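What the coordinates show
The chain contents come next:
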Amino acid sequence: DTGVSQNPRHKITKRGQNVTFRCDPISEHNRLYWYRQTLGQGPEFLTYFQNEAQLEKSRLLSDRFSAERPKGSFSTLEIQRTEQGDSAMYLCASSRDRVGSGQPQHFGDGTRLSIL
Amino acid sequence: KNQVEQSPQSLIILEGKNCTLQCNYTVSPFSNLRWYKQDTGRGPVSLTIMTFSENTKSNGRYTATLDADTKQSSLHITASQLSDSASYICVVSGNFNKFYFGSGTKLNVKP
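Our subject in this report is the structure included herewith.

Conventions adopted
Residues numbered from 1 in each chain as written. Chains lettered and ligands numbered in written order. Predicted model: local features only at pLDDT ≥ 70, side-chain atom pairs only at ≥ 80, totals over all residues. Heavy atoms only, no water. Helix = DSSP H or I, 4+ residues; strand = E, 2+ residues; numbered from the N terminus. Polar contact = N/O pair within 3.5 Å; in protein donor to acceptor, adjacent residues only side chain to side chain. Contact = heavy atoms within 4.5 Å. Buried area = accessible area lost by both parts, 1.4 Å probe. Salt bridge = Lys/Arg side-chain N within 4 Å of Asp/Glu carboxyl O. Nonpolar A, V, L, I, M, F, W, Y, C, P; charged D, E, K, R; others polar.

Moving on, we get to the side chain of arginine 64 of chain A. Residues and elements named next belong to chain A. Relative to the assigned elements, arginine 64 resides in the loop between strand 6 (53-57) and strand 7 (65-68). Within the structure, the side chain of arginine 64 is placed 3.2 Å from the backbone oxygen of arginine 81, a separation counted as a polar contact. Side chain to side chain, arginine 64 and aspartate 86 meet in a polar contact 2.8 Å long. With residues up to four places along the chain from it excluded, the contact list for arginine 64 reads Glu78, Ile79, Gln80, Arg81, Thr82, Glu83 and Asp86.

So, in structure tokens, the structure goes:
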């Protein structure tokens, strides 16, 4: 179990630029989640995948955000035309099966995005 | 409205002391409740998971309780250590893979 890996750990960019983050889940986990977390708050759900299928997207995920999980392995989260309000920690989590059945989500250490 | 409220927002205790963190929720239907520990700059790590039928669950010095009738949970930390300084997040799962996160309690253990 090598854990959930996220890259990069930090990203600083100018407003208006595009950014892409990568998440490598635990290999046998078929579910993958993206969250956004701001300082002093709990994670906010963005979207999740079961294998390669994106099953749900939060209303927080505006048209500028897109997530993919080709081949059901790693996932990418892209933000286009970044805005100041996009500054946050972006967390990825994976789980083996339906999390509601009791399987815990394993989180990565996140990508911290700072918009100048 | 499905919500998870945690208290206190922050807490300072001396090393070696015990403390209890609270989580109240209004999520319905209820599937399970998790407590996570999140160190600064790191992702959350699962401490305990409890389903409707479980009243208490321990993980070392961490003991979680659940009262599904009153929709309250607590996380008790015994004999605190400096390494317990972190944010503790309560997460309640509803139906269809829905998760509701609390804002967390920031614990600071001082020597």
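Next comes the rest of the description.
Right, let's talk about the interface of chain A and chain B for a bit. Listed per partner, the contact involves 23 residues of chain A and 19 residues of chain B. Across the interface of chain A and chain B, roughly 1,700 Å² is buried in total on both sides, 46% from carbon and sulfur atoms. Scanning the region where chain A abuts chain B turns up one salt bridge. Linking arginine 42 of chain B and aspartate 109 of chain A is a salt bridge whose minimum nitrogen-to-oxygen distance equals 2.8 Å. Seen at the junction of chain A and chain B, the total is five residue pairs in polar contact (both at pLDDT 80 or more). Those elements that provide at least two residues to the side of chain A that touches chain B are strand 4 (31-37) and strand 9 (88-95) of chain A. The biggest single contributor to the side of chain A that touches chain B is strand 4 of chain A, with four residues. Its residues assigned to classes, the side of chain A that touches chain B shows nine nonpolar, 10 polar and four charged.

Distances and angles like these do not, on their own, reveal function.
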